[in-house]
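# A structural walkthrough
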Amino acid sequence: MSGKENDDRELAVESIANLFRKFTLPAVVGFIIGGIQITIDGYFIGNVIGSSGLASITLLYPLLIVIIATALLLGTGSAALVALELGKGNSDRAHKIASDIFPMILTIGGVFAFIGLFFTEPLLNLIGAKGIVFVMAGDYLRIMFLGSVFFIAGIALDPLVRNDGRPAFVMKMAAVGAATNIVLDYLFVMRWGMGMQGAAIATNLAFSVSAIVFTYYFFSKYARLRLHISDISPDLKIITGIMRTGFPAFVMQISLAALVFSYNFMLLRYGSEIAVSSYGVIQYSFAIFYMLFEGISAGVQPIIGFNYGAKLYGRVYSAVKMALFSCLMVGLLGFSVFYLFPDTVIQLFNRNDPELLETAVRAMRIFMSGIIVEGMIIAIAVYYQSVNKVKPSLFIQFGKIFIFILPLLFILPQYYGLTGVWMATPIGQYLMFAVVAMMFLKEIRFLKNAQEEQ
């Protein structure tokens with residue numbers, strides 16, 4: 001039996017608990033490191049440049065999310081399809097899906113670079129940047145867009161390598177990327193005074209390390225789905241399938257971009273630049289726990305996808321239970337940290353602004369109260385995506401923000417002012433969880449019945 005067949009058999013016969021540990025723990029560690037990498041710029045910008053720098057990066061965040069959304073569209077879409085095809089025994093089809101992601105990355109990266117060259121200032125006007133914030137944001141955004149091909153490749157190839165049976169390798173690369181970002185941020189921002197430009201260059205260079213290594217991996221003898229240059233011949237049907245399957249993840253991120261944009265608008269309307277800076281600190285802090293949720297979901301995705309494709313529904317049910325319980329525990333931990341120690345967290349990003357500390361402490365306690373259920377919402381959405389049920393996954397990603405949080409964001413401040421802005425997200429999260437839980441009961445009954453029959 002070949003090594004590839006052994007790896008596939010493992011997903012079908014190994015205990016779910018062992019598979020969960022093997023795939024989820026490296027994914028969680030990798031995503032935590034990714035979360036740290038996201039917060040690195042905030043740490044250096046907040047401590048070296050100050051609240052204006054934090055306000056700049058917070059205003060830019062919706063535009064950066066668009067790049068991340070595109071990368072996840074490619075990465076999660078291709079990874080989910082590869083896992084399903086391997087579960088069905090269609091290795092040739094899985095190989096073709098993996099090969100078609102590379103021309104997509106190059107094409108989309110080129111589009112973002114073009115936008116960065118010619119449309120930076122209109123985009124800054126769109127997000128409401130003014131004065132020194134406009135200048136700082138422009139320095140950062142232009143460089144991020146120009147280097148977006150590496151940014152996209154580093155994110156998009158991550159789930160494919162993990163699904164290729166290399167979760168520990170992905171974790172190590174995340175650590176290398178984070179370490180690279182820390183060192184370069186320290187040199188460019190803190191030591192050499194390169195400001196926002198230095199932070200952007202450091203981020204792009206850090207992601208380029210993962211992009212180059214992951215690309216080399218797929219064309220090397222170490223890859224199960226080993227590729228050759230001659231294999232790359234874009235297939236419109238496969239590209240459409242990747243985009244269709246990855247669309248829920250894309251919508252989730254685009255919805256997040258719309259939410260952050262709306263939050264920035266409402267914070268400037270009912271608060272000030274300090275409120276925007278506080279929101280930036282909250283988002284950077286939340287990133288670590290959000291990445292924990294994503295790590296759990298990404299780790300369990302190949303287990304769910306493969307076993308669902310193989311019609312081993314009892315194993316799918318066991319994996320789903322483990323993922324939901326893990327997300328609940330992480331959510332409770334996050335709530336405890338942010339409610340009990342908000343000042344400690346906030347001072348990591350800025351120790352010299354008492355007004356920022358006062359505003360952010362109160363905001364964090366309110367905003368983070370919904371973290372308890374956030375992970376379970378993400379895990380259920382990823383389950384639907386893993387089994388190629390796009391519509392319910394899309395509904396979850398789309399509904400949380402557009403049906404609940406955004407309407408509340410524009411209604412509550414009319415009655416509660418700035419406090420209402422902070423209340424919108426947690427209330428929306430709990431309402432969405434109630435809907436998702438009722439919707440998912442049908443899927444749970446199906447999996448339990450199938451488990452009993454098998």
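Below you will find a few notes about this structure. (Residues numbered from 1 in each chain as written. Predicted model: local features only at pLDDT ≥ 70, side-chain atom pairs only at ≥ 80, totals over all residues. Heavy atoms only, no water.)

From N to C terminus, the protein includes 19 helices and zero strands. In summary, the protein has a C-alpha radius of gyration of 21 Å against a globular reference of 22 Å for 454 residues, a match within 12%. Dimensions along the principal axes, computed over C-alpha positions, put the protein at roughly 65 × 45 × 35 Å. Counting the 454 residues in the protein, one finds 59% classified as buried. As presented, the protein carries roughly 18,100 Å² of accessible surface, and 66% of it is formed by carbon and sulfur atoms. In the protein, 31 side chains carry a positive charge and 26 a negative one; their mean positions are 6 Å apart. (Helix = DSSP H or I, 4+ residues; strand = E, 2+ residues; numbered from the N terminus. Rg over C-alpha atoms; globule rule 2.2 N^0.38 Å. Buried < 20%, exposed > 50% of the residue type's maximum accessible area, 1.4 Å probe, protein only. Areas by Shrake-Rupley, 256 points an atom, 1.4 Å probe, with all protein chains shown as cover. Lys, Arg positive; Asp, Glu negative; His and termini not counted. Charge placed at Lys NZ, Arg CZ, Asp CG, Glu CD.)

This part takes up the packing of helix 12 (residues 273–309) against helix 13 (residues 313–340). Between helix 12 and helix 13, the shortest axis-to-axis distance is 9 Å and the interhelical angle comes to 175°. In this view, helix 12 runs roughly antiparallel relative to helix 13, as classed from their interaxial angle. Taken together, the residues that form the contact of helix 12 with helix 13 break down as 19 nonpolar, five polar and one charged. (Axes fitted to C-alpha atoms, helices over the stretch in contact; angles between N-to-C directions. Parallel < 35°, antiparallel > 145°, perpendicular 65-115°, else oblique. Nonpolar A, V, L, I, M, F, W, Y, C, P; charged D, E, K, R; others polar.)

Residues Y140, Y263 and Y383 are the most contacted members of the largest nonpolar core, which totals 146 residues. Residues in contact with Y383, not counting those within four places in the same chain, are I304, Y308, V316, V320, F440, E443 and L447. (Core = buried A, V, L, I, M, F, W, Y, C linked by side-chain atoms within 4.5 Å. Contact = heavy atoms within 4.5 Å.)

Attention shifts here to unusual backbone geometry. A positive phi angle, near 65°, is found at K311, a position not held by glycine. Inspection of the secondary structure puts K311 in the loop between helix 12 and helix 13. On the basis of relative accessibility, which here comes to 54%, the residue K311 falls in the exposed class. The backbone of N388 sits at a positive phi, close to 65°, despite the residue not being glycine. For N388, a relative accessible area of 29% corresponds to the partly exposed category.

Enumeration over the complete set of coordinates arrives at 26 aromatic pairs. With a centroid separation of 4.9 Å and 50° between ring planes, the pair formed by F114 and F118 is classed as tilted. Taken together, the residues span about one helical turn, with F114 and F118 both in helix 5 (residues 101–118) at a distance of four residues. Overall, F114 belongs to the partly exposed group, its relative accessible area being 46%. Exposure remark for F118: the relative accessible area of 54% places this residue in the exposed category. Taking 5.8 Å as the distance between ring centres and 20° as the angle between the ring planes, the aromatic pair formed by Y284 and F349 counts as stacked. Of this pair, Y284 sits in helix 12 while F349 sits in the loop between helix 14 (342–346) and helix 15 (354–367), and the two are 65 residues apart along the sequence. Overall, the relative accessible area of 6% leaves F349 in the buried class. Chaining the aromatic ring pairs together yields one cluster made of F102, F169, F214, Y217, F218 and F219. The ring of F446 has K389 sitting right over it, with the charged end atom 6.0 Å from the ring centre. (Phe/Tyr/Trp six-rings, centres within 6.5 Å; stacked < 30°, edge-to-face > 60°. Lys NZ or Arg CZ within 6 Å of the ring centre and 35° of its normal.)

Attention now goes to the environment of F44. Tracing the chain through its elements places F44 in helix 2 (residues 16–49). Residues F44 and F289 lie 245 residues apart in sequence; the distance between their C-alpha atoms is 20 Å. If sequence neighbours within four positions are ignored, F44 has contacts with I49, I182, D185, Y186, V189 and M190.

Another point: the pattern of salt bridges. With the rule as written, the count across this model stands at four salt bridges. Taking the shortest distance from any N to any O, the salt bridge between K96 and D100 comes out at 3.2 Å. In this structure, K96 and D100 share a single accessibility class: buried. Across the salt bridge formed by D158 and R162, the nearest N and O atoms sit 2.6 Å from each other. (Salt bridge = Lys/Arg side-chain N within 4 Å of Asp/Glu carboxyl O.)

Let's shift gears to the side chain of Q385. Summarising the element assignment, Q385 is placed in helix 16 (residues 371–386). When neighbours within four sequence positions are excluded, Q385 is seen to be in contact with T76, G77, A80, T245, G246, P248, A249 and S393.

This next bit is on the environment of G30. As for its placement among the helices and strands, G30 is situated in helix 2. Using a relative accessible area of 9% as the deciding quantity, one classes G30 as buried. With residues up to four places along the chain from it excluded, the contact list for G30 reads M171 and A174.

Side chains three or four residues apart in an α-helix point the same way, a direct result of the helix having 3.6 residues per turn. Between its first and last C-alpha, helix 9 (residues 167–191) extends 35 Å over 25 residues, near the 36 Å set by a 1.5 Å rise per residue. For helix 9, the secondary structure elements touched by its buried residues are helix 2, helix 8 (148–163) and helix 10 (195–218). Where helix 9 ends, the next residue or the one after it, G193, has phi of about 60°, a positive value. (Expected span 1.5 Å × (residues − 1).)

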